Amino acid sequence: FVYSEKAMDAAEILQDELRIAQTNLMLGMNKGRLGDFTKALELYQSAYPVFEKHKDLRNKFVVITNIAGIYFDQRDFNLAIEYFKKAIKVAEERNNKRQIGTSLNNIAAALHNLGKNKEARETYEKAIEVNKEANNASNLAYNYMNLAGIELQEKNIEKAIEYNKLSEEIMNKLGDNYSLVEILWQKADIEMELGNK
């Protein structure tokens, strides 16, 4: 945070509005991590029009995604979805399939939290196709794990097992032990549902 403030001092001395916006983005991220969502949103919203003006699509995508993330964390899933959809439009301008796949996954997660399982499932399936094209293995694994969660919730145990296994296989290849813990917890839930306590 201290370094971001020093960067802001330098950017203001230079009167470089793009650097000021980039610094506001970093400060917003720091404020968000500290739980000051109001200040984070204020900083993001001040940075956004500058990125728009300068056609800085990379930072525009980041700021929109971060705004969506704040609304998601605050459980305002409808507003989060609105911003994730805006992020997809920017990712499409960049032809960045990885970002499109990640945003679709986030939209699906928000829909699942709203109890809209049919729409969530359809969106996860779209995300899977995009993440396969983009070779985005980590996000693909999360797509499968999240789909397994929907299937488990709806008592479609065979489907839950199938998706959980696909997720586990990918994470094993990636060596992502942190994510494997989540997958194994889910597998335990499946076993509990099967009566294997």
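The following paragraphs examine the structure supplied in this document. (Residues numbered from 1 in each chain as written. Predicted model: local features only at pLDDT ≥ 70, side-chain atom pairs only at ≥ 80, totals over all residues. Heavy atoms only, no water.)

**Some points on the overall build of the protein chain**
- Within the protein chain one finds 10 helices and zero strands.
- Listed N to C, the secondary structure of the protein chain is α-α-α-α-α-α-α-α-α-α in terms of helices and strands.
- The buried share among the 197 residues of the protein chain stands at 43%.
- The long-range fraction of contacts in the protein chain, counting pairs at least 24 apart against all pairs at least 6 apart in sequence, stands at 50%.
- Surface exposure of the protein chain reaches about 11,100 Å², of which carbon and sulfur atoms provide 50%.
- Averaging the coordinates of the 27 positive side-chain charges in the protein chain and doing the same for the 30 negative ones gives two points 2 Å apart. (Helix = DSSP H or I, 4+ residues; strand = E, 2+ residues; numbered from the N terminus. Buried < 20%, exposed > 50% of the residue type's maximum accessible area, 1.4 Å probe, protein only. Contact = heavy atoms within 4.5 Å. Areas by Shrake-Rupley, 256 points an atom, 1.4 Å probe, with all protein chains shown as cover. Lys, Arg positive; Asp, Glu negative; His and termini not counted. Charge placed at Lys NZ, Arg CZ, Asp CG, Glu CD.)

**What to know about the pattern of salt bridges**
- Across all of its chains, the model carries 11 salt bridges by this definition.
- A salt bridge links Lys86 to Glu82; the nearest nitrogen and oxygen atoms lie 4.0 Å apart. A residue pair is termed a helical-turn pair when its members lie 3 or 4 positions apart in one helix, as Lys86 and Glu82 do in helix H5 (residues 77–94) at four residues.
- In this structure Lys86 comes out as partly exposed when scored by relative accessible area, which is 36%. (Salt bridge = Lys/Arg side-chain N within 4 Å of Asp/Glu carboxyl O.)

**Focus on the packing of helix H8 (residues 137–153) against helix H10 (residues 177–194)**
- At a minimum axis distance of 11 Å, the contact between H8 and H10 shows a crossing angle of 20°. It follows from the interaxial angle that H8 and H10 lie roughly parallel. Considering only the axes of H8 and H10, their crossing is left-handed. In this structure, H8 contributes Tyr142, Met145, Ala148, Gly149 and Leu152 to the contact, and H10 contributes Ser179, Glu182, Ile183, Gln186, Asp189, Ile190 and Glu193.
- When its residues are assigned to classes, the contact of H8 with H10 shows six nonpolar, three polar and three charged. (Axes fitted to C-alpha atoms, helices over the stretch in contact; angles between N-to-C directions. Parallel < 35°, antiparallel > 145°, perpendicular 65-115°, else oblique. Left-handed = near helix turned anticlockwise from the far one by under 90°. Nonpolar A, V, L, I, M, F, W, Y, C, P; charged D, E, K, R; others polar.)

**What about H5?**
- Taking 1.5 Å of rise per residue, 18 residues should cover 26 Å, and H5 covers 25 Å from first to last C-alpha, within 8% of that figure.
- Taken together, the buried positions of H5 are occupied by Phe77, Ala80, Ile81, Tyr83, Phe84, Ala87, Ile88, Val90 and Ala91.
- At its buried positions, H5 is contacted by helix H4 (57–73) and helix H6 (97–113).
- Just beyond H5, the residue with positive phi is Asn95, at close to 55°. (Expected span 1.5 Å × (residues − 1).)

**Some words on the packing of H4 against H5**
- At a minimum axis distance of 8 Å, the contact between H4 and H5 shows a crossing angle of 165°. The angle between H4 and H5 places the two elements in the roughly antiparallel class. Crossing geometry of H4 relative to H5 is assigned as left-handed. Touching Leu57, Arg58, Lys60, Phe61, Ile64, Thr65, Ile67, Ala68, Gly69, Tyr71 and Phe72 of H4 are Phe77, Leu79, Ala80, Tyr83, Phe84, Lys86, Ala87, Val90, Ala91, Glu93 and Arg94, all from H5.
- Grouping the amino acids of the contact of H4 with H5 by side-chain chemistry returns 15 nonpolar, two polar and five charged.

**Quick look at the packing of aromatic side chains**
- In this structure the tally under the stated criterion is three aromatic pairs.
- Residues Phe72 and Phe77 carry aromatic rings whose centres are separated by 5.1 Å and whose planes lie at 75° to one another, so their mutual orientation is edge-to-face.
- Given the relative accessible area of 22%, Phe72 is considered partly exposed.
- One Lys or Arg, Lys86, reaches over the ring of Tyr83 and ends 4.4 Å from the middle of that ring. (Phe/Tyr/Trp six-rings, centres within 6.5 Å; stacked < 30°, edge-to-face > 60°. Lys NZ or Arg CZ within 6 Å of the ring centre and 35° of its normal.)

**A look at the environment of Ile70**
- Position of Ile70 among the secondary structure elements: in helix H4.
- With a relative accessible area of 5%, Ile70 lands in the buried category.
- C-alpha of Ile70 to C-alpha of Ala80: the two residues are 10 residues apart in sequence and 7.7 Å apart in space.
- Ignoring anything within four residues of it in the chain, the contact list for Ile70 reads Phe37, Ala40, Leu41 and Tyr44.

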